[in-house]
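Below, each chain spelled out in residue letters.
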Amino acid sequence: MTATLLERARAVRLLLLDVDGVLTDGSLFLGDDGQQYKAFHSRDGHGIRLLQDSGVGVGILTGRQSRVVEHRCRELGIAHIVQGRRDKLDALHGLLDAAGVSPEETAFMGDDIVDLPVMRRVILGLAVADAHPLVREQAHHVTTLGGGRGAVREACELIMDAQDTLQATLAPYLE
């Protein structure tokens, strides 16, 4: 981890996540009845819980509206959720006010060009490995794993490592 990346990750008090392409692989499953289905990676969910337990908040900032996302957020204890906002930068300000943090204390993980304005505004812009090339180019860090394949867990552990909480978090599993 470079010194600059370490400094940025050390400052993070809130990790914001896009959903489609980040928490999922970007596939949209629609039933004949219009019901929407999404597949989430269990390791991402565990990473979110570990990060929250370490004292860093987690939130959702997504352009699509989905009851499946609401359900997953309830399961993971994610309180800060903004859905259905195509202008994510405009939505960012209200979300940060509600969370009581500044852009200089926030990381955002995205995968597509609609995520760029937010990624460029926060202290730590993260991209999944299979993000759009422009997003990977603009990110402070690109994960080795793709969206919906453990990339969020990787980002959570990066932040915990920078904040010196990762080893203590993993220790109970190594006893």
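Given the structure is predicted, the values throughout are model-derived calculations rather than measurements.

What counts and how
Residues numbered from 1 in each chain as written. Predicted model: local features only at pLDDT ≥ 70, side-chain atom pairs only at ≥ 80, totals over all residues. Heavy atoms only, no water. Helix = DSSP H or I, 4+ residues; strand = E, 2+ residues; numbered from the N terminus. Expected span 1.5 Å × (residues − 1). Buried < 20%, exposed > 50% of the residue type's maximum accessible area, 1.4 Å probe, protein only. Arc of directions from axis to C-beta. Contact = heavy atoms within 4.5 Å. Polar contact = N/O pair within 3.5 Å; in protein donor to acceptor, adjacent residues only side chain to side chain. Axes fitted to C-alpha atoms, helices over the stretch in contact; angles between N-to-C directions. Parallel < 35°, antiparallel > 145°, perpendicular 65-115°, else oblique. Nonpolar A, V, L, I, M, F, W, Y, C, P; charged D, E, K, R; others polar. Core = buried A, V, L, I, M, F, W, Y, C linked by side-chain atoms within 4.5 Å.

Asks: Sorry if this is basic, but what is going on with helix 4 (residues 88-99) here?
Replies: Note: α-helices contain 3.6 residues per turn, so residues at a spacing of three or four share the same orientation. With twelve residues, helix 4 ought to run about 16 Å at 1.5 Å a step, and its terminal C-alpha atoms sit 16 Å apart, in line with that. Along helix 4, the residues classified as buried are Lys-88, Ala-91, Leu-92, Leu-95 and Leu-96. Considered in projection along helix 4, the buried side chains sweep an arc of 135° and stay on one side of the axis. For helix 4, the secondary structure elements touched by its buried residues are strand 1 (14-17), strand 4 (57-61), strand 5 (80-82), strand 6 (106-110) and helix 5 (116-121). With a side-chain oxygen lying 3.4 Å from the backbone nitrogen of Leu-89, the N-terminal cap of helix 4 falls on Asp-87. Downstream of helix 4 by a residue or two, Gly-100 has a phi angle that is positive, lying close to 70°.

Asks: Before we go on, may I ask you to explain the environment of Leu-145 in this structure?
Replies: Take Leu-145: it is sitting in the loop between strand 8 (141-142) and helix 7 (151-162). When the C-alpha atoms of Leu-145 and Ala-127 are compared, they prove to be 9.8 Å apart, with 18 residues separating the residues in sequence. If we ignore the near neighbours within four places in the chain, the residues touching Leu-145 are Val-128, Ala-129, Gly-150, Ala-151 and Glu-154.

Asks: Which parts of the structure should I look at to understand the packing of helix 1 (residues 3-10) against helix 7?
Replies: In helix packing, the relevant descriptors are the interaxial angle and the interaxial distance, both defined with respect to the helix axes. Interhelical geometry of helix 1 versus helix 7 gives an angle of 95° and a closest axis separation of 8 Å. Relative to helix 7, the element helix 1 lies roughly perpendicular. For the pair helix 1 and helix 7, the contacting residues are Leu-5, Leu-6, Ala-9 and Arg-10 in the first and Leu-158, Ile-159 and Ala-162 in the second. Grouping the amino acids of the contact of helix 1 with helix 7 by side-chain chemistry returns six nonpolar, no polar and one charged.

Asks: I tried to follow the nonpolar core on my own but got confused; where do I start?
Replies: Here is a general trend for soluble globular proteins: nonpolar side chains tend to be buried in one another's company. Counting residues in hydrophobic clusters, the biggest one holds 50 residues, and the most contacted among them are Leu-17, Ile-48, Met-109, Leu-124 and Ile-159. No other element matches helix 7, which puts eight residues into this core. Other than its neighbours up to four places away in sequence, Ile-48 contacts Leu-17, Leu-23, Val-58, Leu-76, Ile-78, Val-152 and Cys-156.

Asks: What should I look at first to understand unusual backbone geometry in this one?
Replies: Backbone geometry follows two general trends: most residues other than glycine have a negative phi, and most peptide bonds adopt the trans configuration. Positive phi, normally seen in glycine, also occurs at Asp-164, with a value near 60°. Within the element layout of this structure, Asp-164 appears in the loop between helix 7 and helix 8 (166-174). Look at Asp-164 and you get exposed, because its relative accessible area is 67%.

It is worth stressing that arrangement in space is one thing and function is another; only the former is reported here.
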